[in-house]
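Listed below are the residues making up each chain.
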Amino acid sequence: MAGAPSSSAGAGDLAIYTPWGNIAFFYEGERGEHSDELVHLGTFDASREQLAALESGDVTVTVVD
């Protein structure tokens, strides 16, 4: 993550919060202020119900071209 540009996130963004190493799926809200601790990884297309199903199990993130 060293050297990654500061980022912000809004609905549909996938990011990593570097202090904790958590992957975050932003499902609502507008883009906030830029943060050096948030690195944008990509975007996703999932409903709230689909995201809720991820709370109780392992998650695999795959890069798609």
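So, a few notes on the structure that sits alongside this text.

Reading guide: rules and limits
- Just so you know, the residues in each chain are numbered from 1, in the order the chain's sequence is written.
- In keeping with the predicted nature of the model, local features appear solely for residues at pLDDT of at least 70, side-chain atom pairs appear and are counted solely at 80 or more, and the whole-chain, interface and lining totals rest on all residues.
- Side-chain measures here rest on the full set of heavy atoms in the structure, leaving out hydrogens and waters.
- The helix count covers DSSP runs of H or I at least four residues long, the strand count covers runs of E at least two residues long, and both are numbered beginning at the N terminus.
- Partly exposed describes any residue whose relative accessible area lies between the buried limit of under 20% and the exposed limit of over 50%, with all areas from a 1.4 Å probe on protein chains only and scaled to the type maximum.
- In what follows, residue pairs with any heavy atoms lying within 4.5 Å of each other are defined as contacts.
- In these tables, accessible area is a Shrake-Rupley quantity obtained with a 1.4 Å probe, and a residue counts as shielded only by the protein chains included in the view.
- The criterion for strand pairing is that DSSP finds at least two bridges linking the strands in question.
- Between N-to-C directions, angles cover 0 to 180 degrees, with each direction set by a line fitted to C-alpha atoms, over the stretch in contact for helices.
- Two N or O atoms form a polar contact when they lie within 3.5 Å of each other; inside protein one atom must be a possible hydrogen donor and the other a possible acceptor, and for residues adjacent in sequence the pair counts only when both atoms belong to side chains.

**Overview of the overall build of the chain**
- In terms of helices and strands, the chain carries one helix and three strands.
- Considering only C-alpha atoms, the chain reaches an extent of 30 × 25 × 25 Å along its principal axes.
- When the 65 residues of the chain are sorted by exposure, 22% land in the buried category.
- Considering only residue pairs separated by 6 or more positions, the chain has 47% of its internal contacts joining residues 24 or more positions apart.
- Working note: accessible area of the chain is about 5100 Å², and carbon and sulfur atoms make up 49% of it.

**Brief notes about the pairing of strand β2 (residues 22–26)**
- As defined by bridge partners, strand β1 (residues 13–17) adjoins β2 across five bridges and the pair is classed as antiparallel. Paired with A15 across the strands is A24, a residue of β2.
- If you look at the hairpin formed by β1 and β2, you'll find four residues sitting between the two strands, and G21 has a positive phi there, around 75 degrees.

**Digging into the sheet that holds β2**
- Spatially, the three strands line up as an open sheet ordered β2-β1-β3, and their pairing is antiparallel. Each edge of the open sheet carries a strand with a single partner, namely β2 and β3 (38–43). Strand-to-strand twist in this sheet, taken as the mean axis angle between neighbours without regard to direction, amounts to 30 degrees.

**Comments concerning the side chain of D13**
- Assignment of secondary structure puts D13 in strand β1.
- Among the polar contacts made by the side chain of D13, one reaches the main-chain amide nitrogen of G10 at a distance of 2.9 Å.

**Here's the deal with the environment of A52**
- Summarising the element assignment, A52 is placed in helix α1 (residues 48–52).
- For the pair A52 and L14, spaced 38 residues apart in sequence, the C-alpha to C-alpha distance is 15 Å.

Keep in mind these numbers describe shape, not what the thing actually does.
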